[in-house]
Amino acid sequence: MSSAQYLLESRPHSVAHLFLSRVEATPDREAYRHPVAVDRGAPGAEEWCSLTWAQTAERVKAIAAGLLSLGLLPEERVAISSSTRMEWILADLGVMCAGTAATAVYPSTNAEETAYILADSGSRAIFVENAAQLAKVTAHADRLPGLDHAILFDPEAETAPETDTPRVKGLEVLTLAELEERGTAYLREHPDAIDTTVQAIERDQLATLIYTSGTTGRPKGVRLVHDCWSYQAVAQEVSGLLLPDDVQFLWLPLSHVFGNALISGQVRTGSVIAVDGRVDRIVTNLPLVRPTVMASAPRIFEKVYNGIAARARAEGGAKYKIFQWAAKVARDYARTGQEQLVATGSRKVPLSLTVQHAVADKLVYGKIRAAFGGELRGSASGSAALAPDIGYFFAGAGVPVLEGYGLTETSAAVTVNPVDDFRVGTVGRPLPGTEVRIAEDGEILLKGPGVMRGYHNLPEKTAEVLESDGWFHTGDIGEVDKDGFVRITDRKKDLFKTSGGKYIAPTEIESRFKAVCPYVSNILVIGNGRNYCTALITLDESAIMPWAASHERGGRSYAEVVSSPEVHALIDGFVQRVNGDLQRWQTIKKFSVLPRDLDVEHGELTPSLKVKRPVVEREYAEVIETMYEGAREA
């Protein structure tokens, strides 16, 4: 038996077990960093503070004991509705150590859907970030008779509930500090309560309910047991995704399975997490944190690339030409190295390209790495496909984007690209302990400890995707190459057939467009049952507005810029570039640039930034129909 197999098969029952073991092993080692506001006479002043594992344990145990003092029982649900911050992690670990189960709620979820999730999950308590999140809960209090307690992270006067009593519409409202005080008192009377509770946790005991953000219909509660997270923790360790000395910058939503899984791996390895979910602070934080690893979504890398390209274009002249040359060298260097690796087992590239790469590194790539903090050995990317050209660019610049694949139903990652053998355009190899097979129709099937135990209260839906022998139907189409690397080609439900009988994989076309157009934010290829393909396109404001200013279009609003004939002609040029590499039936015959970007607030994107195709197609149905008026067979 290999050491990896031994570690997987001997894994503890839960992350709660892992957490207590970690605290005992390295109590004085740094565990977390987080920003804290300071009074320096300047608004918004803050500094990064650290918690050791022992300090973290003190708070986690107090929170866990506080939940026990409220009368919560094993597997009873405790919701968390907050942005990514230190308190979210403390609350989640506290829920685990109390033997209860967390219900993750995106802070952007509206009041109606929040009420649905809390009611469907049967949550008895909820951690809320502030009064705004609390208000969403109390707005539908009549539908939540089982919800008894709300714990506020931010109790400041300006965000505290307006009440003279500790109850708001039937809810007992506590601050986090008050819950910890109750927990500390509870531990004085029951000093072994947490250790005893954790030791009683079984592998198949419910740990987390995460509701799929869903591109269609009501969200489904995915039942993840403690063994799912324990498996994720050990698999991340044995795969080398996380190392004990890593510093991880965590900004992803912790209500999403990807962010949540990263906590498990960090507890196992004892590495450091710097946590701050403010997306507008990512660029500022990276040089401060200097992470060695970071998880992200493809959209972030697309925006970073578009921003770099836009700044170079704005500088014009020699600087822009240098950037264009360096970008090409980066792609060629990474692509050639990968081709050599597949063919010979070595990434060795021709000397002439190596020399060019070294020059470009001094002129351009070093600055890009510095922007990421200068220490990044790899950045895991998931939730959607990254355009290969962008992947090759960052790989060539020394910022490898390690694409992985997973779903809420698999407790996040099931495949990931290893740092020392990553392949752009694939989602890597299966994690140790996970099996992958391709069905006759091309669908990816998965089996392993990370697979969910079903959808909450939905046995029929569970039976549709989960076979009795444990194989899970992902709904994704893909393939596995001779080296075991998995490639995702499309969503099974997104594939469509034109009226001419040709099958189209829209994400393939969309990915190609994102790779060539530095101004694009989102693109949807349309064509199901139609006689040709069209596209709805939105543009990145931070990229297109500087272009407008440099082309004598300054002073116009975003909507005016994107609706102008000049921008239509600009985007048409990129459409034609993509069309030149497609089969005739795949080409985009017409397109429309939408007056605003897609967003979560309008329900067009999920909180993990996946496009809700049906929503967008309904909202812009008239625009779509206009593109097919008077259509002839293509």
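Our subject in this report is the structure included herewith. (Residues numbered from 1 in each chain as written. Predicted model: local features only at pLDDT ≥ 70, side-chain atom pairs only at ≥ 80, totals over all residues. Heavy atoms only, no water.)

### Some remarks on the overall build of the chain
And then number 1: Helix and strand content of the chain: 22 helices and 26 strands.
And then number 2: Taken against the 2.2 N^0.38 rule, which gives 26 Å for 634 residues, the C-alpha radius of gyration of the chain at 25 Å falls within 12% of a compact globule.
And then number 3: In terms of principal-axis extent, the alpha carbons of the chain reach across some 75 × 65 × 55 Å.
And then number 4: Residues counted as buried form 55% of the 634 residues belonging to the chain.
And then number 5: Residue pairs in contact within the chain that sit at least 24 positions apart in sequence constitute 68% of those at least 6 positions apart.
And then number 6: Carbon together with sulfur atoms contributes 52% to the accessible area of the chain, which is approximately 26600 Å² in total.
And then number 7: One way to put it: in the chain the 67 positive side-chain charges average out to a point 7 Å from where the 82 negative ones average out. (Helix = DSSP H or I, 4+ residues; strand = E, 2+ residues; numbered from the N terminus. Rg over C-alpha atoms; globule rule 2.2 N^0.38 Å. Buried < 20%, exposed > 50% of the residue type's maximum accessible area, 1.4 Å probe, protein only. Contact = heavy atoms within 4.5 Å. Areas by Shrake-Rupley, 256 points an atom, 1.4 Å probe, with all protein chains shown as cover. Lys, Arg positive; Asp, Glu negative; His and termini not counted. Charge placed at Lys NZ, Arg CZ, Asp CG, Glu CD.)

### So, the packing of helix H2 (residues 15-25) against helix H3 (residues 53-69)
And then number 1: Closest axis-to-axis distance for the H2/H3 pair is 9 Å, and the angle between their directions is 140°. Comparing the axis directions of H2 and H3 gives the class oblique. Here H2 and H3 pass one another in a crossing that is left-handed. Residues Phe19, Leu20, Arg22 and Val23 of H2 touch H3, and the partners they reach there are Trp53, Ala54, Thr56, Ala57, Val60 and Lys61.
And then number 2: Taken together, the residues that form the contact of H2 with H3 break down as seven nonpolar, one polar and two charged. (Axes fitted to C-alpha atoms, helices over the stretch in contact; angles between N-to-C directions. Parallel < 35°, antiparallel > 145°, perpendicular 65-115°, else oblique. Left-handed = near helix turned anticlockwise from the far one by under 90°. Nonpolar A, V, L, I, M, F, W, Y, C, P; charged D, E, K, R; others polar.)

### So, the environment of valine 38
And then number 1: With respect to the helices, strands and loops of the structure, valine 38 is situated in the loop between strand S1 (30-37) and strand S2 (46-52).
And then number 2: Residue classification places valine 38 among the partly exposed positions, given a relative accessible area of 22%.
And then number 3: A sequence separation of 403 residues divides valine 38 from aspartate 441, and the C-alpha atoms of the two residues are 58 Å apart.
And then number 4: With near-sequence residues (within four places) excluded, valine 38 lies in contact with Ala45, Glu46 and Glu47.

### Comments concerning the sheet that holds strand S26 (residues 588-593)
And then number 1: Spatially, S24-S25-S26 is the arrangement adopted by the three strands of the open sheet, whose pairing is mixed. The sheet terminates laterally at strand S24 (520-526) and S26, the two strands that pair on one side only. Put simply, the sheet's adjacent strands are angled 25° from each other on average, direction ignored.
And then number 2: Here S24 runs beside strand S25 (residues 533-539); their pairing, made up of six bridges, is antiparallel. From the neighbouring strand, asparagine 522 faces S25, where its bridge partner is threonine 538.
And then number 3: Its contacts with the sheet place helix H17 (residues 506-516) against S24, S25 and S26, and it is angled at close to 150° to S24. (Pairing = 2+ DSSP bridges.)

### Some points on the state of the cysteines
And then number 1: As enumerated under the stated definition, the model contains zero disulfides in all.
And then number 2: There is no disulfide at cysteine 228, and the cysteine sulfur nearest it, in cysteine 97, is 18 Å away. (Disulfide = S-S within 2.5 Å.)

### A short note on the sheet that holds strand S21 (residues 486-491)
Strand pairing in a sheet relies on backbone hydrogen bonds. The paired strands run either parallel or antiparallel.
And then number 1: Strand order in this open sheet of four strands is S18-S19-S20-S21, and the pairing throughout is antiparallel. The open sheet terminates on both sides in strands that have one partner only, identified here as strand S18 (435-438) and S21. In this sheet, neighbouring strand axes are inclined to one another by 50° on average, regardless of whether the strands run parallel or antiparallel.
And then number 2: Sheet topology note: the strand S20 (residues 472-480)/S21 ladder contains five bridges and is antiparallel. When the bridges of S21 are listed, glycine 478 appears paired with isoleucine 488.

### Quick notes on the packing of aromatic side chains
And then number 1: The full count for this structure, using the stated rule, is 11 aromatic pairs.
And then number 2: Consider the rings of tyrosine 532 and tyrosine 628, whose centres lie 4.8 Å apart with planes at 25°: the pair is stacked. Taken as a pair, tyrosine 532 in the loop between S24 and S25 and tyrosine 628 in the segment after helix H22 (621-627) lie far apart in primary sequence, 96 residues in all. When sorted by exposure, tyrosine 532 lands in the same class as tyrosine 628, which is buried.
And then number 3: Taken together, the aromatic side chains of Phe301, Tyr305, Phe323, Phe372, Phe393 and Phe394 make up a single cluster linked through ring pairs.
And then number 4: When the ring centre of tyrosine 455 is taken as reference, the NZ or CZ atom of lysine 220 above it lies at 5.2 Å.
And then number 5: One cation-aromatic arrangement involves arginine 347 over phenylalanine 422; the distance from NZ or CZ to the ring centre is 4.5 Å. (Phe/Tyr/Trp six-rings, centres within 6.5 Å; stacked < 30°, edge-to-face > 60°. Lys NZ or Arg CZ within 6 Å of the ring centre and 35° of its normal.)

### Brief notes about the side chain of arginine 77
And then number 1: Locating arginine 77 in the fold gives a position in strand S3 (residues 77-81).
And then number 2: Here serine 121 takes part through its backbone oxygen, which lies 2.7 Å from a polar atom of the side chain of arginine 77.
And then number 3: Not counting the four nearest positions on each side in its chain, arginine 77 is found in contact with Ala101, Thr103, Ser121, Gly122, Ser123, Arg124, Ala125, Leu206, Leu209 and His456. (Polar contact = N/O pair within 3.5 Å; in protein donor to acceptor, adjacent residues only side chain to side chain.)

### Thoughts on the side chain of glutamate 180
And then number 1: On the secondary structure map, glutamate 180 appears in helix H7 (residues 176-189).
And then number 2: Beyond its immediate stretch of four places on either side in the chain, glutamate 180 contacts Arg59, Ala62 and Ile63.

### Points about the nonpolar core
And then number 1: One finds Phe19, Tyr32, Phe127 and Phe394 to be the most contacted residues of the largest nonpolar core, which totals 115 residues.
And then number 2: Among the elements that make up this core, the one with the highest residue count is helix H4 (residues 86-97) (nine residues).
And then number 3: Each residue touching tyrosine 32, except ones within four places of it in the same chain, is listed here: Cys49, Ser50, Leu51, Trp53, Thr56, Met86, Ile89, Leu93, Ile263, Gln266, Val267 and Ile273. (Core = buried A, V, L, I, M, F, W, Y, C linked by side-chain atoms within 4.5 Å.)

### A look at the pattern of salt bridges
Side chains carrying opposite charge are able to pair once their charged atoms draw close together.
And then number 1: For the coordinates displayed, the defined rule picks out 36 salt bridges.
And then number 2: Salt-bridge contacts for arginine 268 lead to glutamate 237; the nearest nitrogen and oxygen are separated by 2.8 Å. Taken as a pair, arginine 268 in helix H10 (residues 257-269) and glutamate 237 in helix H9 (residues 226-238) lie far apart in primary sequence, 31 residues in all.
And then number 3: Put simply, arginine 335 and aspartate 389 hold a salt bridge, and the shortest N to O gap is 3.0 Å. Of this pair, arginine 335 sits in helix H13 (residues 317-344) while aspartate 389 sits in helix H15 (residues 388-396), placing them 54 residues apart in sequence.
And then number 4: We classify arginine 335 as partly exposed; its relative accessible area is 24%.
And then number 5: By sharing partners, the salt bridges in this structure join Asp421, Arg423, Arg429, Lys482 and Asp483 into a single network. (Salt bridge = Lys/Arg side-chain N within 4 Å of Asp/Glu carboxyl O.)

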